[in-house]
Amino acid sequence: MTEETDNAVIVSQEAGIATLTLNRPDVRNALTTDVTAGVRDALDSLDDDTRCVIFEGAGGAFCAGGDVNAMLQLRADEWTTDEAVRHVINDTADVVKRVYDCEYPTVAKIDGPAVGAGGALALACDVRVFSAEGQIGFNFEQLGLAIDSGVSYLLPREVGAGVAKELVYTGEILDPERAADVGLANRVFEEDFEAEFDAFVETIASGPTAALRTSKRLLRRGFEVSLDTAIEHEAAAQGAMFETDDHEEGIDAFLEHRDPEFGGE
């Protein structure tokens with residue numbers, strides 16, 4: 001599936017890898033109304049052939065955060081606080097949650113700044129991969145704002161409470177090395193970013209689709225339940241995996257001393 005290149009979000013899919021490109025480089029891919037609507041539509045368009053979803057930005061930025069122009073317009077129009085929250089904050093937060101809840105493995109391809117709500121969008125992805133130009137930060141304080149878009153939930157789970165507070169209080173913009181140090185960058189590819197990124201994503205996309213989707217759900221639930229309950233969930237899930245073609249292929253490949261070729265079923 002492919003969308004027209006003048007859309008706010010360009011969607012392409014090849015070999016099970018869906019790429020969602022935020023396509024408003026004139027505002028550094030800020031989460032404008034058309035971008036958030038485009039992300040929702042793109043996520044709704046994913047089908048059973050999807051094995052991995054990439055989020056990226058056009059024009060040298062991942063996502064510059066919320067729509068500052070909309071904030072200015074809200075002030076000019078003298079909207080009430082409730083109206084401002086509904087039109088600016090909740091719309092952006094809803095998209096971040098939709099990305100977080102995506103059932104497929106998700107990868108943020110960070111080849112430029114991911115700041116503010118754009119940092120939250122990156123946090124909502126399962127894995128974050130940085131180029132040498134990648135940056136991430138939660139600099140809401142520069143606009144006199146508290147954090148939003150799920151940062152209070154997502155950031156401490158990735159870096160711990162102490163580091164999360166430091167990053168929020170200072171508004172620090174992290175380069176790839178610093179992001180890796182605090183646990184926000186899973187991988188940093190500096191030599192040949194595109195080739196190394198593609199190879200990394202292919203590793204995920206060529207895996208057993210049902211098993212990876214199930215593992216993603218189990219990891220999410222694991223934060224909220226006891227060890228005994230987590231083990232019960234795993235046992236029930238594994239019973240379903242025993243019935244898949246990919247499990248059969250995995251066993252055959254192991255016995256035949258070859259790499260498995262998972263079909264995604």
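Quick caveat, the model's predicted, so the values are computed rather than measured.

Thresholds, definitions, all that
Residues numbered from 1 in each chain as written. Predicted model: local features only at pLDDT ≥ 70, side-chain atom pairs only at ≥ 80, totals over all residues. Heavy atoms only, no water. Helix = DSSP H or I, 4+ residues; strand = E, 2+ residues; numbered from the N terminus. Buried < 20%, exposed > 50% of the residue type's maximum accessible area, 1.4 Å probe, protein only. Pairing = 2+ DSSP bridges. Salt bridge = Lys/Arg side-chain N within 4 Å of Asp/Glu carboxyl O. Contact = heavy atoms within 4.5 Å. Axes fitted to C-alpha atoms, helices over the stretch in contact; angles between N-to-C directions. Core = buried A, V, L, I, M, F, W, Y, C linked by side-chain atoms within 4.5 Å. Polar contact = N/O pair within 3.5 Å; in protein donor to acceptor, adjacent residues only side chain to side chain. Patch = residues over 30% accessible without salt bridge, like charges linked within 9 Å, V, L, I, M, F, W, Y side chains within 5 Å. Areas by Shrake-Rupley, 256 points an atom, 1.4 Å probe, with all protein chains shown as cover. Lys, Arg positive; Asp, Glu negative; His and termini not counted. Charge placed at Lys NZ, Arg CZ, Asp CG, Glu CD.

With respect to the helices, strands and loops of the structure, Ser45 is situated in helix 1 (residues 33-45). Residue classification places Ser45 among the partly exposed residues on the basis of a relative accessible area of 28%. C-alpha of Ser45 to C-alpha of Val188: the two residues are 143 residues apart in sequence and 30 Å apart in space.

Right, let's get into the pairing of strand 4 (residues 106-110). Every other side chain in a regular strand lies on the same face of the sheet, so the side chains alternate between the two faces. The element strand 4 is largely enclosed, with a buried count of 5 among its 5 residues. Here strand 4 shows a buried face lined by Thr106, Ala108 and Ile110 and a second buried face lined by Val107 and Lys109. Relative to strand 4, strand 3 (residues 52-57) is paired through 3 bridges, and the arrangement is parallel. Residue pairing across strands places Phe55 opposite Ala108, the latter belonging to strand 4.

The next thing to look at is the pattern of salt bridges. Within this structure, the stated rule accounts for 16 salt bridges. Residue Glu166 pairs with Arg178 through a salt bridge whose shortest N-O separation is 3.0 Å. Here the residue Glu166 occupies a position in helix 6 (residues 161-170), and Arg178 occupies one in helix 7 (residues 176-182), the gap between them amounting to 12 residues. Between Arg178 and Glu172 there is a salt bridge, and its shortest N-O distance comes to 2.9 Å. On the basis of relative accessibility, which here comes to 24%, the residue Arg178 falls in the partly exposed class. For Glu172, a relative accessible area of 25% gives the class partly exposed. One continuous salt-bridge network, built from bridges that share partners, spans Arg40, Asp91 and Asp94.

The 6 strands are arranged 1-2-3-4-6-9 in an open sheet whose pairing can be described as mixed. The open sheet terminates on both sides in strands that have one partner only, identified here as strand 1 (9-14) and strand 9 (187-188). Examined bridge by bridge, strand 4 and strand 6 (residues 127-130) share 4 bridges and lie parallel to one another. By the bridge assignment for strand 6, Ala108 is matched with Arg128. Seen against the sheet, helix 4 (residues 117-124) touches strand 2 (17-22), strand 4 and strand 6 and runs at an angle of roughly 140° to strand 4.

This part is about the nonpolar core. Soluble globular proteins: nonpolar side chains tend toward being buried together. Core analysis: the biggest nonpolar cluster contains 48 residues, and Leu20, Val39, Phe55, Phe62, Ile136, Leu155 and Leu184 have the highest contact counts within it. The dominant element in this core, judged by the number of residues it contributes, is helix 4, at 6 residues. Contact partners of Leu184, with chain neighbours within four places excluded, come to Leu123, Arg128, Phe130, Ile136, Phe138, Leu155, Glu158, Val159, Leu167, Leu174 and Ala179. Within the second largest apolar cluster, 13 residues are counted, among which are Val107, Val127, Phe200 and Ile204.

What follows concerns the environment of Thr170. Here Thr170 is to be found in helix 6. Classification of Thr170 as partly exposed rests on a relative accessible area of 47%. The spacing of Thr170 and Gly137 is 33 residues in sequence and 9.6 Å in space, taken between C-alpha atoms. Looking at Thr170, its side chain comes within polar contact range of the main-chain oxygen of Glu166, at 2.8 Å.

A cluster of acidic side chains, namely Asp111, Glu133, Asp175, Glu177, Asp181, Glu190, Glu191 and Asp192, defines a negative patch on the protein surface. Positionally, Asp175 belongs in the loop between strand 8 (173-174) and helix 7. Exposure remark for Asp175: the relative accessible area of 39% places this residue in the partly exposed category.

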